[in-house]
Every structure is written in structure tokens, then in C-alpha cells.
Amino acid sequence: ERRQKRQVIFKRAEQYVKEYRQVERTEIRLRRQAKQVGNFYVPAQPKLAFVVRTRGINKIAPKPRKVLQLLRLLQINNGVFVRLSYATTQMLQIITPYAAWGTPNLKTVKELIYKRGYAKVNKQRLPISDNRIIEENLGKYGIICVEDLVHEIFTVGPNFKVANSFLWPFKLSNPTGGWARRKVRHFIEGGDVGNREDKINALVRRMN
Amino acid sequence: MAARPVVSVYGLNGSKLEATVPLPSVFTSPIRPDLVQFVHKNMAKNHRQPYSAKQQAGEETSAESWGTGRAVARIPRVGGSGTHRSGQAAFGNMTRGGRMFAPNKIWRKWHVRTNTNQKRYATASAVAATGVSALVSGRGHRIAKIQEVPLVVSAEAESLKKTKEAVALLKALSAYADVEKVANTRSQRAGRGKMRNRRHRQRRGPLVVFAQDNGISHAFRNLPGVELVDVTRLNLLQLAPGGHLGRFVIWTQPAFEALNKVFGTQTEASAQKKGYTLPQSLVTNPDVSRIIASDEVQAVVRPAGPRFTKRPFTQKKNPLRNTQVLVRLNPYAQVLRRTEILGLNKKTAKKSHKKAASQKFLDLLKAD
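None of these values were measured; they are calculated from a predicted model.

(A) Inspection of the overall build of chain B at higher detail. Along its length, chain B carries 12 helices and 10 strands. Classification of the 368 residues of chain B by burial places 35% in the buried group. Sequence-distant contacts, at least 24 apart, represent 62% of the contacts inside chain B between residues at least 6 apart. Of the roughly 24,300 Å² that chain B leaves accessible, carbon and sulfur atoms contribute 52%.

This is how it looks when you write it as C-alpha cells:
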């Protein structure tokens, strides 16, 4: 029984590794192709964002406070995955002064879930110590192991909402090496808040 | 209900007589230490005498406050001059010679009434407790050598007249140790009670219960600690002194037999206490461990779990650092790790290969 499940998980993980590599190489290939011909390659708009709350509890205006609550960013250094849509992008704009966000890469997603992944089970925050926890709660959506969960989050699959809400908001540490000198300013201005696109990976690497 | 247990009667020389008495129903009434304590507390307040401070104490001055501006506290001060008392503070509870805070009044409610049924329940409980030797010895009575509890003596005891005979009876019953205990514990009271006609204190001895006083009270009354009481007038304050159950009681046979009339039985009401029947216990069989061990219960009980259960998961281990945990979560990771290590070797081979090429190139260059 368990052996069969392990075999399935193995196969899936193997398949995902292939898939990620394929997607990555396709991207690169398309870029190179376009460059060769003299065209412009326009990559797809990002579907996934990772948002980290940079500010504390006090002195938050009511609207950003509500948006932070809706995104489950209730504590400083809390991080959540967000599916990017027009609506959510507007939400992120509202909380610009209070959060740092960007597009995470696979390594970021993986490491977050492996190291800091806790599940919301029966209103309790339980560590993802075994695939059993994932299977019991997300089995009906076809997610039975950590790799499935990572895949669902990273590729923003059809059950992203369920998978994401299954994950308790990540409690990250303060970054080693520190924040920018004045972290409350926008990333563009030399601070830390706001959209920093793929530079979020470096930040999470230091906060994880 | 099974046949009522039977209590032997002892003669004046301490030997067991032919006669036996079935145990009166009172002795099966539930023993309720909480109720006895409650009722005893209330009953004990009933022989209190009022006390209070003198009504005008501390107020027999015409003191007035000097007000502000005189570099003294604003407490009322005694007027006049020519004596130490003038200018001294008066009236306050904090002042010397002033009135106390909230002077006690004689109209304090000294006596407490308790519901009659509660009082009767408590006495029934207390009588039942006198039949439990563990409670009696737990209360401190020296009954180690007693033949039986409850201790019933033949009716001849009621006609004893001389204290000598009473002592002989107690010694024959091995009950004299309790009286000796009382005599040995007679000591002076600590505190002012000494000068208030309460000089000595001593323990309580046996309680002798009779049905008819034909001289028994004269015989026993001078023995220290021994109390005598008519069976129709059993007093909770004597049956459970201090609210503690288990007084050592010596019954005479007629008194013991009269208990069924005084308290009634499970089926008939009491003759003496109008309309009163003995209290029923809430649980017919209070031996819980015996119930659990019984066949009926054990037949439906599920098998017991392990004595100590291991806590399943007490520490989260980081899969990024702990390979075992990583593989537990993602079995394919083992393959990835392996190829990584092998791939590393391949890389160094490539490097060395590259170096060779560059050397070749240099030779070509130099050949020119």
C-alpha cells in the first residue's frame, strides 16, 4: 500500500523535474530564437507572486490593514503566495508601503515549503513532517505529496487556491545581512517595500 | 436486601453474651462529611454569647479637628489645656484611645438556623460513622483493643451506680484506653481563655448512650472525657465533635434497639421524628472498583490501550539539511542527490580536459 504510494510519488517527482527543466529551457530557447531573428520575445506575465510583510502592527491605515488581513499577512515577516490577477495586483498596490513582493523562482518555492512549510489542518498549524498530512487534506485534488504541492503552487494550477490556503502563512526570519538602510522606502528608491520582481528571490534566500 | 448484619452484646464483665441485635437502619445511611461539617458549623454557633465593645468606647470626648493651617494632621483633637490629653487625637480607629473600626454590636446574628431535615441527615450520618472503626480510630479514639464496633453493652449497664463499677466495665471492654487518653491530654489552654473560666483543655472520650437512666449517668459522669446522652436526644455536636465523624460510642442494648424507633428504618417512618424517613444514598453500590471489575462490565469493555503512548512527532527536522527527512517527503530526491554527486565528478573531468586543450594551443603558438 504504502510502497505503491511511494512509487507514484517517485514517478510524479521525476516527471516534475523533467517538466520544470523543459519549461525553463523553452523560455531560454524562445529568447535566443527571437534574438537571432531580431524579434522581441515577450515573456508571459507572471502568474505567481510571493509577498512578505515588512511592517509591524501599529499605525497602519485602515484600507491597507484590511488588505493585509485578506492576504493573511498578519505579522511582520509573514510571507504568502499570491496568484497574480488584475484584482490581486491592485491589492498589492494598496499595500505597497507595507510589503515587499516579487516573482519567486522554483528554488524559492521549494525551499519555503520544505523548510518553513506548515499546514492548516483543523485550524491548527501543523508542520509538514510527512506526505500523509498533505494526502489526507488535499488528496481529493490530486495533491498527495510535497512535490505535488510545490508544483501546484509554482505552476499556479487549477487547485492553487486550495493548495495555497492549505499552507499556513510562512513565518520568515529577518534577513541575514539586514534590510536596506531605510527599509520603508520603495525598493526602487533604495528601500525594501514594493514590487521587486525577481529580486525577491535573493531576499527570501536571506530570510528563509 | 441481604439479611441485616448482627451486632453482639457484651456483658458487664466484657464477655460476649448470647444475645445479638440486628444492626439498626441508621448505620446504613450515607456518610456525608460535607453535610456534617456544614450542619455542625451552624449548630456550634448556637451556644455563643454576644460580645461587643462598650457602646460609647472611644467617643467620650468632645474632640474637634483643628482644620488646616496648623502644621498638624487634620484628625479631631481633644480640646482644652492643662493635661496631656489636650491636643491628642481622638475618635479615629487609628488613634490612641479612639474608637475601633466598626465596633461590634450585640445585635450581630449569633445563632444560625439549619433546615431540620439537614440536621437529621447529619445526625444519621454521624451515627452511621460511629459504626465504621476506621473513622473512629481516624478521629483519634484509642479503640485498638475493642472487640467490635459498634460496641453494645447489656442493659445491666444502665443500673450501674458506682464510678468504680463504671471503670471496671470500661476496662473489661478494653475501652478504658480512650479515657486514659483524655486524662493524659488534660493541659492548660493557651491564651486568655485561662482567666475566663476555660483554663483546661482535654480530648473527648467515649460517648455512652442509654435508653433509661437508672444510675448510669452517676456512674460515668465523673470519668474524664466521658459523655452521657439519652438515645432519644442524640446530639450532632457530640456525635461528630469539631465536625469530624467517628465518635467512639458505647451503646446499651435497649438504646441500640431503640435506634430503629428514633430514626425509623428504610421502610417505616420514625416514631419519634414526625414524618421522617432515613436518607437514601444516591448510589446503591458505592464500591466503584468492584463494579468495574465485575463480569457484566468487563464483558462489554474494550481492550485497554498501551500504558504509555509514544508522542508521534515532537520536532520538525529541516528537509533541506536532513537527507533522511528529505527522502521521506520526496523519494526522488535521492536520485537527484546521487546524480548531483556523480555530475560533480564529471565536471572536474571536463575541467582537466579543458586544461589539456589550452596546453596544446600554447605549444602550437610557440611552434611558430
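(B) Quick look at the overall build of chain A. Along the backbone of chain A there are 8 helices and 7 strands. Within the span of chain A, comprising 208 residues, buried residues form 44% of the whole. Pairs at least 24 apart in sequence give 70% of the contacts found in chain A among residues at least 6 apart. On chain A, roughly 12,000 Å² of surface is accessible, and the fraction owed to carbon and sulfur atoms is 51%.

(C) Seen up close, empty space enclosed by the protein. Residues and elements named next belong to chain B. Counting across every chain of the model gives 1 cavity of 30 Å³ or more. Considering only enclosed or pocket space, the largest cavity measures out at about 40 Å³ in volume. Lining the largest cavity are V153, A157, L169, V208, I216, F220, I250, W251 and T252. The set of elements that each furnish at least two residues to the lining of the largest cavity consists of α6 (216-220) and β10 (249-252).

(D) Representation of the interface of chain A and chain B. Taken together, the contact pairs 19 residues of chain A with 14 residues of chain B. Surface buried jointly by chain A and chain B totals about 1,600 Å² across both partners, of which 65% is contributed by carbon and sulfur atoms. One can count 0 salt bridges joining chain A with chain B. Applying the counting criterion to the chain A and chain B interface returns 8 residue pairs in polar contact (both at pLDDT 80 or more). At the level of elements, α1 (2-37), α4 (106-116) and α6 (146-154) of chain A are the ones that each hand at least two residues to the side of chain A that touches chain B. Ranked by the residues each element gives to the side of chain A that touches chain B, the list is headed by α1 of chain A, at 6 residues. Tallied by class, residues from the side of chain A that touches chain B come to 10 nonpolar, 3 polar and 6 charged.

(E) Main features of the pattern of salt bridges. What the rule picks out here adds up to 14 salt bridges over all chains. Between E135 of chain A and K5 of chain A there is a salt bridge, with the nearest N and O atoms lying 3.3 Å from each other. Linking E135 of chain A in helix α5 (residues 131-138) with K5 of chain A in helix α1, this pair joins segments that are 130 residues apart in sequence. Look at E135 of chain A and you get partly exposed, because its relative accessible area is 25%. Residue class for K5 of chain A comes out partly exposed when judged on its relative accessible area of 33%. For the salt bridge of R99 of chain B with E59 of chain B, the shortest nitrogen-to-oxygen distance reads 2.9 Å. Placement of the pair is R99 of chain B in the loop between β4 (76-77) and α2 (116-130) and E59 of chain B in the loop between α1 (33-44) and β3 (64-65), with a sequence separation of 40 residues. Exposure remark for R99 of chain B: the relative accessible area of 24% places this residue in the partly exposed category. On the accessibility criterion, E59 of chain B (37% relative accessible area) is partly exposed. Several salt bridges converge on common partners, so that one network encompasses K107, E111 and R205 of chain A.

(F) Region of the structure containing the nonpolar core. Counting 38 residues, the largest nonpolar core has F81, I113, L149 and I153 of chain A as its most contacted members. Filtering out sequence-adjacent residues up to four positions away, F81 of chain A remains in contact with L48, A49, F50, P104, V109, L112, I153, F160, N164 and F170 of chain A. Grouped together as the second largest cluster of nonpolar side chains are 36 residues, V26, L35, L207 and F263 of chain B included.

(G) Region of the structure containing the sheet that holds strand β5 (residues 151-153) of chain B. Residue and element names in this part refer to chain B. Taken in spatial order, the 6 strands line up as β2-β1-β5-β10-β8-β9 in an open sheet, and their pairing is mixed. Each edge of the open sheet carries a strand with a single partner, namely β2 (16-22) and β9 (227-230). Averaged over all adjacent pairs, the angle separating strand axes in this sheet is 35°, with direction ignored. Across 4 bridges, strand β1 (residues 6-10) lies against β2 in antiparallel orientation. Paired with Y10 across the two strands is K16, which belongs to β2.

(H) Highlighting the pairing of β1 of chain B. All names here are of chain B. Of all 5 residues in β1, 4 are buried; the element is thus mostly enclosed. Where β1 hands over to β2, the hairpin turn is made up of 5 residues, of which G14 adopts a positive phi near 90°. Relative to β5, β1 runs parallel, the two sharing 2 bridges. If you follow Y10 over to β5, its bridge partner there is V153.

(I) Representation of the layout of surface pockets in the model. Residues and elements named next belong to chain A. Its volume calculated, the largest pocket comes out at about 1,600 Å³. Together, 39 residues line the largest pocket, and E24, N105, L106, K107 and F154 are the ones closest to its centre. The dominant element in the lining of the largest pocket, judged by the number of residues it contributes, is α1, at 9 residues. In terms of residue class, the lining of the largest pocket is built from 19 nonpolar, 7 polar and 13 charged.

(J) Spotlight on the packing of aromatic side chains. All names here are of chain B. Evaluation of the coordinates by the stated rule reveals 10 aromatic pairs over all chains. Taking 5.5 Å as the distance between ring centres and 45° as the angle between the ring planes, the aromatic pair formed by F27 and F256 counts as tilted. Residue F27 is located in the loop between β2 and α1, and its partner F256 is located in helix α8 (residues 253-263); the two are separated by 229 residues in the primary sequence. By relative accessible area, F27 is classed as buried at 11%.

(K) Main features of the sheet that holds strand β7 (residues 194-195) of chain A. Residue and element names in this part refer to chain A. Ordered in space as β6-β2-β1-β3-β7, the 5 strands form an open sheet in which the pairing is mixed. Sheet topology places β6 (170-171) and β7 at the edges, where each strand pairs with a single neighbour. Sheet topology places strand β1 (residues 48-53) next to strand β2 (residues 78-83); 5 bridges connect them, and they run antiparallel. Residue pairing for β2: V52 is matched across the bridge by G79. Here helix α8 (residues 200-207) sits on the sheet in contact with β1 and β3 (99-102), set at roughly 120° to β3.

(L) Here's a closer look at the packing of α1 of chain B against α2 of chain B. Residues and elements named next belong to chain B. Orientation of α1 relative to α2, taken along the N-to-C sense of each, is 120°, at an axis distance of 9 Å. In terms of their interaxial angle, α1 and α2 are classed as oblique. α2 is crossed by α1, and the crossing has left-handed handedness. In contact with L35, V36, F38 and V39 of α1, α2 contributes Q118, K119, Y121, A122 and S125. Considered class by class, the residues forming the contact of α1 with α2 number 6 nonpolar, 2 polar and 1 charged.

Conventions we followed
- Residues numbered from 1 in each chain as written.
- Chains lettered and ligands numbered in written order.
- Predicted model: local features only at pLDDT ≥ 70, side-chain atom pairs only at ≥ 80, totals over all residues.
- Heavy atoms only, no water.
- Helix = DSSP H or I, 4+ residues; strand = E, 2+ residues; numbered from the N terminus.
- Buried < 20%, exposed > 50% of the residue type's maximum accessible area, 1.4 Å probe, protein only.
- Contact = heavy atoms within 4.5 Å.
- Areas by Shrake-Rupley, 256 points an atom, 1.4 Å probe, with all protein chains shown as cover.
- 1 Å grid on protein atoms, 1.4 Å probe; cavity = no way out; pocket = protein on both sides within 12 Å on 5 of 7 lines; lining within 4 Å.
- Points joined across faces, edges and corners; volume = space filled by probe spheres on them.
- Buried area = accessible area lost by both parts, 1.4 Å probe.
- Salt bridge = Lys/Arg side-chain N within 4 Å of Asp/Glu carboxyl O.
- Polar contact = N/O pair within 3.5 Å; in protein donor to acceptor, adjacent residues only side chain to side chain.
- Nonpolar A, V, L, I, M, F, W, Y, C, P; charged D, E, K, R; others polar.
- Core = buried A, V, L, I, M, F, W, Y, C linked by side-chain atoms within 4.5 Å.
- Pairing = 2+ DSSP bridges.
- Axes fitted to C-alpha atoms, helices over the stretch in contact; angles between N-to-C directions.
- Phe/Tyr/Trp six-rings, centres within 6.5 Å; stacked < 30°, edge-to-face > 60°.
- Parallel < 35°, antiparallel > 145°, perpendicular 65-115°, else oblique.
- Left-handed = near helix turned anticlockwise from the far one by under 90°.

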